[in-house]
Amino acid sequence: MSMLLQVQNLRCGYGSLEVVHGASLHVCAGEIVGLLGANGAGKSSLLKSLVGLLHPWQGDIFVDGRPTRGQPAWRSLSNSMVLVPEGKMIFADLTVRENLLIGGYHNPDRLLQLEIVLDRFPRLRERTSQLGGTLSGGEQQMLALGRALMARPRLLLLDEPSLGLAPLMVQEVFREIRKMKDLGVTVLLVEQNVVGTLQIADRAYVMETGEIILEGLAADLLHHPEVKRAYLGQGGKKSWE
Amino acid sequence: MDAGNLTLQYLLSGITKGSIYAVVAIGFNLIYSATGVLNFAQGEFVMLGGMVAVTLAHFVPLPVAVAGAVVIVALVGCLLEVLFFRKLRHHSVLHLIIITIGLSIVIQEAALHIWDEKVRSLPYFTGNEISSIKLFGAAISPQVIWVLATVAVTVAALHVFLKFTLPGRAMRACSSNPEAAMLAGINIPNMRTLSFGLSAALGALAGCVISPITMTHYESGAPLAIKGFAAAIVGGLGNPMAAVLGGLLVGVLEAFSVSRLPAAYNDVSAFAILLLVLFVRPHGLFGRPGGEAVREH
Ligand SMILES: Nc1ncnc2c1ncn2[C@@H]1O[C@H](COP(=O)(O)OP(=O)(O)OP(=O)(O)O)[C@@H](O)[C@H]1O
Ligand SMILES: [Mg+2]
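Treat the numbers as computed from the prediction; the structure is a model and nothing was measured.

### Considering the packing of aromatic side chains
For step 1, the next point in the chain: Applying the stated criterion across every chain, the model contains six aromatic pairs over all chains.
For step 2, the next point in the chain: Ring geometry for B:Y10 and B:F256: centres 5.9 Å apart, planes at 55°, overall tilted. Note that B:Y10 is positioned in helix α1 (residues 3-35) and B:F256 in helix α10 (residues 240-260), a separation of 246 residues in sequence.
For step 3, the next point in the chain: Using a relative accessible area of 27% as the deciding quantity, one classes B:Y10 as partly exposed.
For step 4, the next point in the chain: Judged by relative accessible area, B:F256 falls into the partly exposed class, the value being 23%.
For step 5, the next point in the chain: The ring of A:F91 carries the charged tip of A:R147 above its face, separated from the ring centre by 4.8 Å.

See below:
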């Protein structure tokens, strides 16, 4: 399998504070890879530095074998890599339709893709002229996913897509992510929902205070004693929050 | 002339000046939305537009001179962004605003050197200073019609641009959420440059159409920046179309206060409205509550 994303020894932080201390990971084409970890572990910072929202201090990033470290965020899309950031970040005062069209800013077939995305998310089709900011939390998450799909990315970076959603909605979001894989989209999924992620992922990494401490097949990690202890609240009271 | 006609005359003169304030206020809005900076050099674009067009009009037909002035001033706007604001992004917004005030002075001095301190004006687009059109008993200069029509068409075109074209939507996306816009692959630095170019072009066009009525000289831009700023705040920053209403309001109130108050109070009315609005509705008359008139950074 070809390596779509390769990260080597990445360090990044804010001001003089380093929050990711040399992380290495890779994602192969067609995989869903989970990146798990407690609050403040540095997962979001890692994703941000992959697309250039945060400047990596050290280390290498290769997308499809090409180095991308240090390029501005607006160029990350030219590597067909799209980040759906934490907290949805939709355009609140643009309509749903406009949000989606901006997602396809560099896609010449954006009107065609709009139909495909609206078919996938019928909830959005009913609301195309509603302002993004007036959507419910779950609908905004769908919009953020839909907007990312408008660019027809090969690699999707998702930052806690289940955050703040009711259980039923969480299931729906995970189902959608699973479907992305069937469409040939590769996914790097940052999550706190350990079980949900390990159920749909092929492999996963576990991050703790800026370092990757565990990696393996999702099925193995689900039964890994360390994961069970720290994240699933078994064999000890220590919870992951 | 009876009182009704006089009122109409004041109203028209207010709307004419107000429409120019409106264009300046739109310029404030476009740049503010894209960069968070209040550009107090906005009035200089209006002055430059008039000056460049007057000079070009010696060599080429008037429409070409106006078009040329708009293009040249738009390029000046882009250049200012690239030379100053792009390099100084990491400075605080307050610093950047002070820089715009400095730039406004520099541009005035440059204009004084390139041209001189003489008052100039473009010829009337149609007719001349004594021709007039009667409307409901009031005498209107045809140039007033030119001003109103140009501003109306410009505002409509801008609305269509922002609402229905991809670059226009991208500009709105940038002001709505710059990070998300970057992730969609929008080149934010270029969008900022575009906002300066567009504001400068609009200002220059306004400077051309108003030149036959109010004349142009190197200092004529600064008061416009102040009135346009007042109009933008009164309308509610962040909404170019509210700026139009703000501009008209400031213009009309100014015209009526001039008719009642001594000339020395000429500029006071704009500030009086500005302060009143800031007290009563900090988000502007037509702005949404929540979006403060002056955003904190
Ligand atoms: N803009 C910022 N400025 C300074 N420090 C920051 C900033 N953003 C994050 N941090 C710090 O960096 C560390 C890692 O944060 P990050 O958001 O990457 O964690 P995370 O793993 O995504 O956590 P969560 O699961 O809560 O989203 C935290 O200690 C956080 O306080
Ligand atoms: Mg996070």
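### Focus: the pattern of salt bridges
As a working rule, side chains carrying opposite charge can pair if their charged atoms are close by.
For step 1, the next point in the chain: The final tally for this structure, using the stated rule, is 19 salt bridges over all chains.
For step 2, the next point in the chain: Residues A:E31 and A:R203 are paired through a salt bridge, measuring 2.6 Å at the closest nitrogen-oxygen approach. Within this pair, whereas A:E31 is found in the loop between β2 (17-28) and β3 (32-37), its partner A:R203 is found in strand β9 (residues 203-208), the two being separated by 172 residues in sequence.
For step 3, the next point in the chain: A relative accessible area of 12% places A:R203 in the buried class.
For step 4, the next point in the chain: As a salt-bridge pair, B:D116 and B:K118 come within 3.5 Å of each other at their nearest N and O atoms.
For step 5, the next point in the chain: Connected via shared salt-bridge partners are A:E98, B:R169 and B:R172.

### Details of the interface of chain A and chain B
For step 1, the next point in the chain: Across the contact, 22 residues belong to chain A and 21 residues belong to chain B.
For step 2, the next point in the chain: Summed over both partners, the interface of chain A with chain B buries about 2,000 Å², with 65% contributed by carbon and sulfur atoms.
For step 3, the next point in the chain: Considering only the side of chain A, the residues that lose the most area to chain B are A:W74, A:F91 and A:Y105, jointly responsible for 32% of the buried surface there.
For step 4, the next point in the chain: Summed over the shared surface of chain A and chain B, the number is two salt bridges.
For step 5, the next point in the chain: Put simply, A:E98 and B:R169 hold a salt bridge, and the shortest N to O gap is 3.6 Å.
For step 6, the next point in the chain: Counting the contacts that link chain A with chain B gives four residue pairs in polar contact (both at pLDDT 80 or more).

### Regarding the side chain of B:K227
For step 1, the next point in the chain: With respect to the helices and strands, B:K227 occurs in helix α9 (residues 221-235).
For step 2, the next point in the chain: Those residues in contact with B:K227, other than ones at most four positions away along the chain, are B:Y21, B:E254, B:D267 and B:A270.

### A short note on the site of ligand 1
Residue and element names in this part refer to chain A.
For step 1, the next point in the chain: Near ligand 1, the surroundings consist of 13 residues, among which N39, S44, S45, E86 and Q192 are the closest.
For step 2, the next point in the chain: When the free accessible area of ligand 1 is taken as 640 Å², the share hidden by the protein chains comes to 62%.
For step 3, the next point in the chain: Element by element, the count of residues in the shell around ligand 1 is highest for helix α1 (residues 43-51), at three residues.
For step 4, the next point in the chain: Of the residues that constitute the shell around ligand 1, the class distribution is four nonpolar, six polar and three charged.

### Some words on the coordination of the magnesium ion (ligand 2)
Residues and elements named next belong to chain A.
For step 1, the next point in the chain: The protein atoms that coordinate the magnesium ion (ligand 2) are S44 (OG), E86 (OE) and E86 (OE), at distances of 1.9 to 2.8 Å. Highlighted residues: S44 in helix α1 and E86 in the loop between β6 (81-84) and α2 (96-103), separated in sequence by 42 residues.
For step 2, the next point in the chain: The class of S44 is buried, set by a relative accessible area of 14%.

### Some words on the domain arrangement of chain A
Interfaces are frequently sized by the accessible area removed from exposure as the parts join.
Residues and elements named next belong to chain A.
For step 1, the next point in the chain: Its domain assignment divides chain A into domain 1 (3-80 + 153-232) and domain 2 (90-152).
For step 2, the next point in the chain: A C-alpha centroid distance of 23 Å is found between domain 1 and domain 2.
For step 3, the next point in the chain: Both sides together, the interface formed by domain 1 and domain 2 hides about 1,300 Å², and carbon and sulfur atoms give 72% of it.
For step 4, the next point in the chain: Summed over the shared surface of domain 1 and domain 2, the result is two salt bridges.
For step 5, the next point in the chain: Of the charged contacts in the structure, one is a salt bridge between E172 and R123, with a shortest N-O distance of 3.8 Å.
For step 6, the next point in the chain: Listed by contribution, the elements that provide at least two residues to the side of domain 1 that touches domain 2 are β7 (155-159) and α6 (167-182).
For step 7, the next point in the chain: With six residues, the top contributor of residues to the side of domain 1 that touches domain 2 is α6.
For step 8, the next point in the chain: Looking at the side of domain 1 that touches domain 2 residue by residue, the classes come out as ten nonpolar, no polar and four charged.

### Observations regarding the sheet that holds strand β5 (residues 66-67) of chain A
All names here are of chain A.
For step 1, the next point in the chain: A sheet is described by the order of its strands in space; here four strands give the open sequence β2-β1-β4-β5, paired in antiparallel fashion. The two strands at the open ends of the sheet, each matched to only one other strand, are β2 and β5.
For step 2, the next point in the chain: Sheet topology places strand β1 (residues 3-14) next to strand β4 (residues 58-63); five bridges connect them, and they run antiparallel. When the bridges of β4 are listed, R11 appears paired with Q58.
For step 3, the next point in the chain: Helix-sheet contacts for α1 involve β1, β2 and β4, and the interaxial angle to β1 is about 115°.

### As for unusual backbone geometry
For residues besides glycine, phi is generally negative; the peptide bonds are generally trans as well.
All names here are of chain A.
For step 1, the next point in the chain: Here the phi dihedral of E160 falls at roughly 45°; this positive angle occurs in a residue that is not glycine.
For step 2, the next point in the chain: Its relative accessible area of 4% is what places E160 among the buried residues.
For step 3, the next point in the chain: In the Ramachandran plot, T209 falls in the positive-phi region, its phi being about 35° despite a non-glycine side chain.
For step 4, the next point in the chain: For T209, the position within the fold is in the loop between β9 and β10 (211-217).
For step 5, the next point in the chain: In this structure T209 comes out as exposed when scored by relative accessible area, which is 58%.

### Notes on the nonpolar core
For step 1, the next point in the chain: Among the nonpolar cores identified, the biggest contains 117 residues, and A:L5, A:L25, A:L157, A:L188 and B:I186 are the most heavily contacted of them.
For step 2, the next point in the chain: Of the residues that make up this core, three or more belong to each of domain 1 (3-80 + 153-232) and domain 2 (90-152) of chain A.
For step 3, the next point in the chain: Among residues more than four places away in sequence, those in contact with A:L157 are A:L47, A:L50, A:V51, A:M81, A:V82, A:L83, A:V84 and A:L188.
For step 4, the next point in the chain: The next biggest cluster of nonpolar side chains, apart from the first, holds 45 residues, and it includes A:L77, A:V117, A:V185 and A:L189.

Criteria and cut-off values
- Residues numbered from 1 in each chain as written.
- Chains lettered and ligands numbered in written order.
- Predicted model: local features only at pLDDT ≥ 70, side-chain atom pairs only at ≥ 80, totals over all residues.
- Heavy atoms only, no water.
- Phe/Tyr/Trp six-rings, centres within 6.5 Å; stacked < 30°, edge-to-face > 60°.
- Helix = DSSP H or I, 4+ residues; strand = E, 2+ residues; numbered from the N terminus.
- Buried < 20%, exposed > 50% of the residue type's maximum accessible area, 1.4 Å probe, protein only.
- Lys NZ or Arg CZ within 6 Å of the ring centre and 35° of its normal.
- Salt bridge = Lys/Arg side-chain N within 4 Å of Asp/Glu carboxyl O.
- Contact = heavy atoms within 4.5 Å.
- Buried area = accessible area lost by both parts, 1.4 Å probe.
- Polar contact = N/O pair within 3.5 Å; in protein donor to acceptor, adjacent residues only side chain to side chain.
- Near = heavy atom within 4 Å.
- Areas by Shrake-Rupley, 256 points an atom, 1.4 Å probe, with all protein chains shown as cover.
- Nonpolar A, V, L, I, M, F, W, Y, C, P; charged D, E, K, R; others polar.
- Donors = N, O, S within 2.8 Å, 3.2 Å for Na, K, Ca; no water.
- Domains from an automatic or database assignment.
- Pairing = 2+ DSSP bridges.
- Axes fitted to C-alpha atoms, helices over the stretch in contact; angles between N-to-C directions.
- Core = buried A, V, L, I, M, F, W, Y, C linked by side-chain atoms within 4.5 Å.

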